[in-house]
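# Notes for the structure review
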Amino acid sequence: MSSVNLVAREVAVKIVFYGPGLSGKTTSLRKIYETVRPAHRGEMMSIATEGDRTLFFDFLPVKVERVNDCTVRLALYTVPGQVFYNATRKLVLQGADGVVFVADSQPEMMDANRESLANLEENLLEQGVRLERFPLVIQWNKRDIPKALPVAELRAALNPRNVPDFETEALSGRGVLDALKAITRLVIQDLRIKRIVPPPRTATPAVPSLGSPKASSGGGLEAQLSQHLAGRTAGVTAPAAATASAPMVARPSRSMPAIAPQPQVQVQVAPAVAPPALTGQRPLGPASALAPSDLFDHARAAEGAFSSGDYGTCIQACLDATRRGLAFAGEGTMGAQAHLLRVDGADLLRLQTLAARSSNRVDDAAFALYVLMQIFSRLHAAGLPAPAAE
């Protein structure tokens, strides 16, 4: 489920690329990564294995234009294609807001496509989500292969709902961005229906800060997505602003006799009513609330694993996030980085020991989260990471 930071006016959206092994999921993300401007993309992480190029996930945070006065940040993941790694598929799919299903157009891959699509439906159902009500886009990948099946045949077998689909060539990038724009539109539309995207601010018009990019400027994916995600400002009316600046003068009521105005009459203004609570929003945990933006999704992954009882995965995620957090202190060993940030080295040694164990308990995972929060607190105190230069 997407997360909303009302203070920073930011909506984090999770999109998962799903499909059979070697269908082009990772290649699609790499092409997106090459297209996005460096200032608006995070680090792309990938773990290669012998049987498939993605064992756990690829993760690529992408910032796009504002919607309803909120910055939308896409977190793009892929899942392992082999059914053997279904537990990992479930973990990565947890909390997804939309899916791009990457189908292999080769005739011999039709059974694998069907199996993977059925697996997607089954894993979503375990989370209480029905596929027919979930934002979904399909890529017919590898269209550059001469023996690729006709799109009509693929649609008949894999797209009975007639969801948006696109012919793609992940190696060249043809159609990949079109699919990403389509799933982004569907996800934003779904979030608006669920009232997860908060309404625009109405008190005062926003004053653009110096150096802030305009919607019409910028290149790469950001500019392309902004053409489809430009939110219309709704609910802001001129009378409300006029009322706030008008002098307070008592006026006669229609249901009571008119009373002559008296000097120094004060009109009682009703206190502002808080907006309705957002529904469908997963609350922030303590680690993700402290996390810098670059490590936000790592913290969410660790908290999600802890909540689901997967303590080993939680500890591994905490250790990975800890290493990345310490790296902001500069080059060197983890011990040297920890010393610069005034982090207890004994805690780091214990965290590494826990990560090497084959089984862990709930208190072990809780300790890992404690270490991670300690790292985040030290980073905040040191003013790290530094804001990216525009």
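Residues numbered from 1 in each chain as written. Predicted model: local features only at pLDDT ≥ 70, side-chain atom pairs only at ≥ 80, totals over all residues. Heavy atoms only, no water.

### Regarding the overall build of the protein
Helices and strands together make up the secondary structure of the protein, namely 13 helices and seven strands. Working note: accessible area of the protein is about 20800 Å², and carbon and sulfur atoms make up 56% of it. (Helix = DSSP H or I, 4+ residues; strand = E, 2+ residues; numbered from the N terminus. Areas by Shrake-Rupley, 256 points an atom, 1.4 Å probe, with all protein chains shown as cover.)

### A look at the environment of Glu 10
Here Glu 10 lies in strand E2 (residues 10-18). Taking relative accessible area as the criterion, Glu 10 reaches 19% and is therefore assigned buried. Expressed as a C-alpha distance, the spacing of Glu 10 and Lys 63, which sit 53 residues apart in the sequence, is 10.0 Å. (Buried < 20%, exposed > 50% of the residue type's maximum accessible area, 1.4 Å probe, protein only.)

### Quick word on the state of the cysteines
Overall, the coordinates contain zero disulfides when judged by the stated rule. Cys 318 supplies the cysteine sulfur nearest to Cys 314, a cysteine that is in no disulfide, at a spacing of 4.2 Å. For Cys 318, a relative accessible area of 0% gives the class buried. (Disulfide = S-S within 2.5 Å.)

### As for the packing of helix H12 (residues 345-355) against helix H13 (residues 362-382)
Between H12 and H13, whose axes approach to 10 Å, the crossing angle comes to 140 degrees. As summarised for this structure, H12 and H13 are arranged oblique, according to the angle between their axes. Considering the relative orientation of H12 and H13, their crossing is left-handed. Only Asp 364, Phe 367, Ala 368, Tyr 370, Val 371 and Gln 374 of H13 make contact with H12, whose side of the interface consists of Asp 347, Leu 348, Arg 350, Leu 351 and Leu 354. Residue composition of the contact of H12 with H13, by class: seven nonpolar, one polar and three charged. (Axes fitted to C-alpha atoms, helices over the stretch in contact; angles between N-to-C directions. Parallel < 35°, antiparallel > 145°, perpendicular 65-115°, else oblique. Left-handed = near helix turned anticlockwise from the far one by under 90°. Contact = heavy atoms within 4.5 Å. Nonpolar A, V, L, I, M, F, W, Y, C, P; charged D, E, K, R; others polar.)

### A short note on the side chain of Thr 184
Relative to the elements of secondary structure, Thr 184 occurs in helix H5 (residues 176-193). Within the structure, the side chain of Thr 184 is placed 2.7 Å from the backbone oxygen of Leu 180, a separation counted as a polar contact. (Polar contact = N/O pair within 3.5 Å; in protein donor to acceptor, adjacent residues only side chain to side chain.)

### A short note on the pattern of salt bridges
Applying the stated criterion across every chain, the model contains 16 salt bridges. Between Asp 104 and Lys 142 there is a salt bridge whose closest N-O contact spans 2.8 Å. Note that Asp 104 is positioned in strand E5 (residues 98-104) and Lys 142 in the loop between strand E6 (136-141) and helix H4 (151-158), a separation of 38 residues in sequence. What makes Asp 104 buried here is its relative accessible area of 1%. The buried category is assigned to Lys 142, whose relative accessible area is 18%. Between Arg 361 and Asp 363 there is a salt bridge, with the nearest N and O atoms lying 3.1 Å from each other. Using a relative accessible area of 53% as the deciding quantity, one classes Arg 361 as exposed. Look at the salt bridges and you will find they share partners, linking Arg 357, Arg 361, Asp 363 and Asp 364 into a network. (Salt bridge = Lys/Arg side-chain N within 4 Å of Asp/Glu carboxyl O.)

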